[in-house]
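# Architecture at a glance
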Amino acid sequence: MSVWIAIGATAVGCYLVKLAGLLVPAHALERPSVQRLAALLPVALLAALTAQQTFSTGGSLALDARAAGVGAAAVALALRAPFLVVVGAAVAVTAGARALVG
């Protein structure tokens, strides 16, 4: 039964967060600092998720083939490669590193 309480509490919490967002006055959202933050926040969240998925395994720090793939993607991005080339480079380097290391 405690699982259903947690699900209900989460649903109510999500609704309240959504309601709080709707109750923010429009003039507060038109500030330049708020608009800059809103533009940069998704990038920061995506970077944090990528770092967490790349450098952790079961709650501990891990440097393995995934880190090599992210490094290859970073190099491809620095060379201004198209998105599919960046993804392909990351996949190829990760697969190659896993094949070599095991």
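Keep in mind that what you see is a predicted model, and the values were worked out from it rather than measured.

### Re the overall build of the protein
A count of helical and extended segments in the protein gives 5 helices and 2 strands. Relative to the compact-globule value of 13 Å for 102 residues, the protein shows a C-alpha radius of gyration of 20 Å, a clear excess of over 25%. Along the first, second and third principal axes, the C-alpha atoms of the protein reach 55 × 45 × 20 Å. By the burial criterion, 13% of the 102 residues in the protein qualify as buried. By sequence separation, contacts in the protein at least 24 residues apart represent 28% of the contacts at least 6 residues apart. Accessible area for the protein stands at about 8100 Å²; split by element, carbon and sulfur atoms hold 76% of it.

### Notes on the pattern of salt bridges
Summed over the entire model, instances satisfying the criterion amount to 1 salt bridge. Measuring nitrogen to oxygen at the nearest pair gives 3.2 Å for the salt bridge that ties R66 to D64.

### Side note on the layout of surface pockets
Of the volumes computed, that of the largest pocket is approximately 310 Å³. Every residue lining the largest pocket is counted, 14 residues in all, and those nearest its centre are G69, V70, A73, V86 and A90. Elements supplying a minimum of two residues to the lining of the largest pocket: helix 3 (32–55), helix 4 (65–78) and helix 5 (83–101). Split into classes, the residues belonging to the lining of the largest pocket amount to 9 nonpolar, 4 polar and 1 charged.

### Regarding the side chain of T94
As for its position among the elements, T94 is in helix 5. Polar side-chain contacts of T94 include one of 2.7 Å to the backbone oxygen of A90. Residues within four places of T94 in sequence aside, it is in contact with A65, R66 and G69.

### Let's talk about helix 3
Between its first and last C-alpha atoms helix 3 spans 34 Å; for 24 residues at 1.5 Å apiece the expected length is 34 Å, and the two agree. The largest bend along helix 3 reaches roughly 30 degrees and is located at L40, with the proline P42 sitting one to four residues downstream.

### Focus: a nonpolar patch on the surface
A grouping of V12, Y15, L16, L19 and L23 is seen on the molecular surface, where their side chains present a nonpolar patch of about 520 Å² in accessible area. Assignment of secondary structure puts L23 in the loop between helix 1 (2–22) and helix 2 (26–29). Among the residues examined, L23 registers a relative accessible area of 62% and is labelled exposed.

### Overview of the packing of helix 3 against helix 4
Where helix 3 contacts helix 4, the axes come no closer than 8 Å and their chain directions differ by 140 degrees. Between helix 3 and helix 4, the angle is such that the two are oblique. Residues Q53, T54 and F55 of helix 3 pack against R66, A67 and V70 of helix 4. Here the contact of helix 3 with helix 4 is composed, by residue class, of 3 nonpolar, 2 polar and 1 charged.

Rules and cut-offs
Residues numbered from 1 in each chain as written. Predicted model: local features only at pLDDT ≥ 70, side-chain atom pairs only at ≥ 80, totals over all residues. Heavy atoms only, no water. Helix = DSSP H or I, 4+ residues; strand = E, 2+ residues; numbered from the N terminus. Rg over C-alpha atoms; globule rule 2.2 N^0.38 Å. Buried < 20%, exposed > 50% of the residue type's maximum accessible area, 1.4 Å probe, protein only. Contact = heavy atoms within 4.5 Å. Areas by Shrake-Rupley, 256 points an atom, 1.4 Å probe, with all protein chains shown as cover. Salt bridge = Lys/Arg side-chain N within 4 Å of Asp/Glu carboxyl O. 1 Å grid on protein atoms, 1.4 Å probe; cavity = no way out; pocket = protein on both sides within 12 Å on 5 of 7 lines; lining within 4 Å. Points joined across faces, edges and corners; volume = space filled by probe spheres on them. Nonpolar A, V, L, I, M, F, W, Y, C, P; charged D, E, K, R; others polar. Polar contact = N/O pair within 3.5 Å; in protein donor to acceptor, adjacent residues only side chain to side chain. Expected span 1.5 Å × (residues − 1). Bend = angle between axes of the 7 residues up to and from the residue. Patch = residues over 30% accessible without salt bridge, like charges linked within 9 Å, V, L, I, M, F, W, Y side chains within 5 Å. Axes fitted to C-alpha atoms, helices over the stretch in contact; angles between N-to-C directions. Parallel < 35°, antiparallel > 145°, perpendicular 65-115°, else oblique.

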